[in-house]
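# Coordinate analysis (summary)
Each chain, written out:
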2 protein chains.
Amino acid sequence: MAMKIVLIGAGQVAYHLGRWLAEKQMPVAQVFSRTAQHARQIGASLHIPFADEWEKIDQNAGLYIIAVKDDAIAPVADRLSAVVGRDRFAVHTSGSVASTVLAPYFDRYGVFYPLQTFSRARQPDYERVPLCLTAGSDADRAILETIASRLSGHFYPISDEQRAVLHIAAVMVNNFSNHLYALAEAVLADKQLPFELLRPLILETALKVQSLPPGEAQTGPAIRRDDLVVARHLAYLRTHHPDMAGLYEALTRSIQEHQGKP
Amino acid sequence: MAMKIVLIGAGQVAYHLGRWLAEKQMPVAQVFSRTAQHARQIGASLHIPFADEWEKIDQNAGLYIIAVKDDAIAPVADRLSAVVGRDRFAVHTSGSVASTVLAPYFDRYGVFYPLQTFSRARQPDYERVPLCLTAGSDADRAILETIASRLSGHFYPISDEQRAVLHIAAVMVNNFSNHLYALAEAVLADKQLPFELLRPLILETALKVQSLPPGEAQTGPAIRRDDLVVARHLAYLRTHHPDMAGLYEALTRSIQEHQGKP
């Protein structure tokens, strides 16, 4: 496939998408950032031509991937459309923004959402990252599927409505779990215990649900209604971390209500 | 080291400890369960002699490991002590019970707590499992450390007080995270989305904190105070999963209070 792809943005998602496309022999033709320094940096790290002025954006790409912060998607699409024309095909990469945010600027629009947390320091296993695709027409969806099928073993055509709900679930398993790790670290610090004690347990918890449904992996005092242990934990938290006591109680109740065997 | 070890119990922890000790060339001499069928099963799966009558328990072991449910530790220790004598060395394996629960029955007692979630279906990387050791005397602690050092690269002498707090932290990162996975699965089901979509994200979330402190790995709408996204998620949950809306709100507030940059 010889489709020319232009990448807009210089953040984590732009960086990893650029690397990922190159690894799969679909190098992007150009990367653009409004900030000269960012444009130069991402161009250098991806080894591809960069631009930092709107007028220099390649006008003949088959796909423009707008990988910028949620707030910036509409203004970027506005400027991009003025340069390349509204008959081009543009997608954004956000889990929390409807595809239709692009409709005022492009006749052909969609979303190319990699469901993963990206950071500069780590390269996730790209092949396993699910790609969630939304497009306004069957033809454009086919284009996204062709690209996605070369990038990952897992791609899903989904609607804006589905992606909105998916994003809630992603926040729960990613942001909220990570916050529990942070709270646990604070609890350990009370007694001079290092966070590294918990790392194998955290990893095994995540590994277990790679094959089991989480309902089958649930263990602990809440699900087995060990009220004595729950009361002891709550008493400790009320004294030492009053802010966490309410959370502990709410999560325990939620486990019992949601997963409790009748 | 030729110390004779007897294992009491036939659950997940007994099974994995038995396997682990055998793998490290310290096979237990005997495994005991009060339930004849369980005794036979664990004896067969570990390829070691088993007993199901108290009187048949080996009376000359250097260490008795009581790997039974929290509630059963005291009654089992009582019966065991009557058979083998209170001058023997006995430990339990629980994260949530003080070592002193054994004091009425044994002069020499302690805790050998592997900080991991065990299930029959999966074998965790034993070498990486932290072993948390408590003993009533320096000499007995040295015995536990000798065994632990052959089992795992990571062992920690800790007090009962430290283990109690460690258990709270373990509940948070294991039971509570797993419950978030279960809630996320329920949210996805609203829109016919499969749980497998979230698996790579769950794994990467756990992998990130294997090297980073969780505070540095925190991302998402709560920490970046994206009130619009938070409000949209809450509105959806209030309508479709009212029980989850309170949790979402409490976790978001906790992230902002605990980790929020000033």
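What counts and what doesn't
- Residues numbered from 1 in each chain as written.
- Chains lettered and ligands numbered in written order.
- Predicted model: local features only at pLDDT ≥ 70, side-chain atom pairs only at ≥ 80, totals over all residues.
- Heavy atoms only, no water.
- Helix = DSSP H or I, 4+ residues; strand = E, 2+ residues; numbered from the N terminus.
- Buried < 20%, exposed > 50% of the residue type's maximum accessible area, 1.4 Å probe, protein only.
- Areas by Shrake-Rupley, 256 points an atom, 1.4 Å probe, with all protein chains shown as cover.
- Expected span 1.5 Å × (residues − 1).
- Arc of directions from axis to C-beta.
- Contact = heavy atoms within 4.5 Å.
- Buried area = accessible area lost by both parts, 1.4 Å probe.
- Salt bridge = Lys/Arg side-chain N within 4 Å of Asp/Glu carboxyl O.
- Polar contact = N/O pair within 3.5 Å; in protein donor to acceptor, adjacent residues only side chain to side chain.
- Nonpolar A, V, L, I, M, F, W, Y, C, P; charged D, E, K, R; others polar.
- Pairing = 2+ DSSP bridges.
- Axes fitted to C-alpha atoms, helices over the stretch in contact; angles between N-to-C directions.
- Parallel < 35°, antiparallel > 145°, perpendicular 65-115°, else oblique.
- Least-squares fit on C-alpha atoms with pLDDT ≥ 70 in both.
- Phe/Tyr/Trp six-rings, centres within 6.5 Å; stacked < 30°, edge-to-face > 60°.
- Lys NZ or Arg CZ within 6 Å of the ring centre and 35° of its normal.

A tally of regular secondary structure across chain A gives nine helices and eight strands. The dimensions of chain A, computed from C-alpha atoms along their principal axes, are 70 × 40 × 30 Å. For chain A, the proportion of its 262 residues judged to be buried stands at 58%. Accessible area of chain A: about 10500 Å², with a carbon and sulfur share of 51%.

Next up on the list: helix H8 (residues 227-240) of chain B. Between its terminal C-alpha atoms H8 of chain B stretches 20 Å, which fits the 20 Å expected from 14 residues at 1.5 Å a residue. For H8 of chain B, the complete set of buried residues consists of Val229, Val230, His233, Leu234, Tyr236 and Leu237 of chain B. The buried residues of H8 of chain B occupy an angular sector of 160 degrees when the element is viewed end-on, so they sit on one face. Of the exposed residues in H8 of chain B, those oriented more than 90 degrees away from the buried face are Asp227, Leu228 and Thr239 of chain B. The inward-facing, buried residues of H8 of chain B contact helix H5 (160-190) of chain A together with helix H5 (160-190) and helix H9 (242-259) of chain B.

Attention now moves to the interface of chain A and chain B. Each side of the interface is counted separately: chain A has 86 residues, and chain B has 86 residues. Summed over both partners, the interface of chain A with chain B comes to about 8600 Å²; 67% of that surface belongs to carbon and sulfur atoms. Connecting chain A to chain B are four salt bridges. Taking the shortest distance from any N to any O, the salt bridge between glutamate 161 of chain A and lysine 191 of chain B comes out at 2.9 Å. At the junction of chain A and chain B, the tally comes to 40 residue pairs in polar contact (both at pLDDT 80 or more). Looking at the side of chain A that touches chain B, the elements that each hand over two or more residues are H5, helix H6 (199-208), helix H7 (214-217), helix H8 (227-240) and helix H9 (242-259) of chain A. With 27 residues, H5 of chain A is the single largest residue contributor to the side of chain A that touches chain B. Among the residues forming the side of chain A that touches chain B, the class breakdown is 51 nonpolar, 22 polar and 13 charged.

Before going further, it helps to examine the sheet that holds strand S7 (residues 131-135) of chain B. Residue and element names in this part refer to chain B. Pairing within the open sheet is mixed, and its eight strands lie in the order S3-S2-S1-S4-S5-S6-S7-S8. Of all strands in the sheet, those bounded by a partner on one side alone are strand S3 (50-51) and strand S8 (155-157). Summarising the sheet, strand S1 (residues 5-8) and strand S2 (residues 30-32) pair through three bridges and their orientation is parallel. Counted as the bridge partner of valine 6 is glutamine 30 from S2. Set on the sheet, helix H4 (residues 138-151) makes contact with S1, strand S4 (63-66), strand S5 (89-92), strand S6 (108-114), S7 and S8; between it and S7 the angle comes to about 165 degrees.

Attention now moves to the packing of H5 of chain A against H8 of chain B. It is at 10 Å that the axes of H5 of chain A and H8 of chain B come closest, and there the two elements cross at 105 degrees. Viewed along their axes, H5 of chain A and H8 of chain B adopt a mutual orientation that is roughly perpendicular. Every residue of H8 of chain B that contacts H5 of chain A at Ala164, Val165, His167, Ile168, Val171 and Met172 of chain A is listed here: Val229, His233, Tyr236 and Leu237 of chain B. Here the contact of H5 of chain A with H8 of chain B is composed, by residue class, of eight nonpolar, two polar and no charged.

Here we come to the relation of the copies chain A and chain B. Superposing chain A onto chain B takes a rotation of 180 degrees combined with a translation of 0.0 Å along the rotation axis, leaving an RMSD of 0.0 Å. Taken together, the rotation and translation describe the operation of a two-fold axis. Judged by C-alpha distance, serine 177 of chain A is the residue of chain A that lies nearest the rotation axis, at 2.6 Å. The share of interface residues of chain A whose copies in chain B are also at the interface is 100%, consistent with both copies meeting through the same surface.

The subject of this paragraph is helix H2 (residues 36-46) of chain B. Residue and element names in this part refer to chain B. Taken together, the buried positions of H2 are Ala39, Ile42, Gly43 and Leu46. Seen end-on, H2 carries its buried residues on one side only, within an arc spanning 105 degrees. Of the surrounding secondary structure, the elements contacted by the buried residues of H2 are S1, helix H1 (12-23), S2 and S3. Following H2 by one or two positions, histidine 47 has its phi on the positive side, about 55 degrees.

Another point: the sheet that holds strand S7 (residues 131-135) of chain A. All names here are of chain A. Across the sheet, eight strands lie side by side as S3-S2-S1-S4-S5-S6-S7-S8; this open sheet has mixed pairing. Each end of this open sheet is capped by a strand with a single partner; those strands are strand S3 (50-51) and strand S8 (155-157). When strand S5 (residues 89-92) meets strand S6 (residues 108-114), the two strands line up parallel, connected through four bridges. In the sheet register, alanine 90 faces S6, and the bridge partner there is tyrosine 109.

The subject of this paragraph is the pattern of salt bridges. Evaluated as defined, the whole model comprises 22 salt bridges over all chains. With a shortest N-O distance of 2.8 Å, arginine 122 of chain A and glutamate 204 of chain B are connected by a salt bridge. Taken together, the positions of arginine 122 of chain A in the loop between S6 and S7 and glutamate 204 of chain B in helix H6 (residues 199-211) put the pair across two chains. According to the relative accessible area criterion, arginine 122 of chain A is partly exposed, its value standing at 24%. Of the charged contacts in the structure, one is a salt bridge between aspartate 160 of chain A and arginine 163 of chain A, with a shortest N-O distance of 2.8 Å. Of this pair, aspartate 160 of chain A and arginine 163 of chain A both sit in helix H5, separated by three residues, roughly a single helical turn. Judged by its relative accessible area of 1%, arginine 163 of chain A is buried.

Okay, the side chain of aspartate 58 of chain B next. Residues and elements named next belong to chain B. Inspection of the secondary structure puts aspartate 58 in the loop between S3 and S4. For aspartate 58, the side chain forms a polar contact with the side chain of lysine 4, separated by 3.0 Å. Excluding residues that lie within four positions of it along the chain, aspartate 58 makes contacts with Lys4, Val6, Gln30, Tyr64 and Val84.

Let's shift gears to the packing of aromatic side chains. In total, this model carries six aromatic pairs over all chains according to the counting rule given. With a centroid separation of 5.0 Å and an interplanar angle of 10 degrees, the aromatic rings of tryptophan 20 of chain B and tyrosine 126 of chain B are classed as stacked. Of this pair, tryptophan 20 of chain B sits in helix H1 while tyrosine 126 of chain B sits in the loop between S6 and S7, placing them 106 residues apart in sequence. In this structure, tryptophan 20 of chain B and tyrosine 126 of chain B share a single accessibility class: buried. Directly above the aromatic system of tyrosine 15 of chain A lies the positively charged group of arginine 120 of chain A, at a separation of 4.3 Å from the ring centroid.

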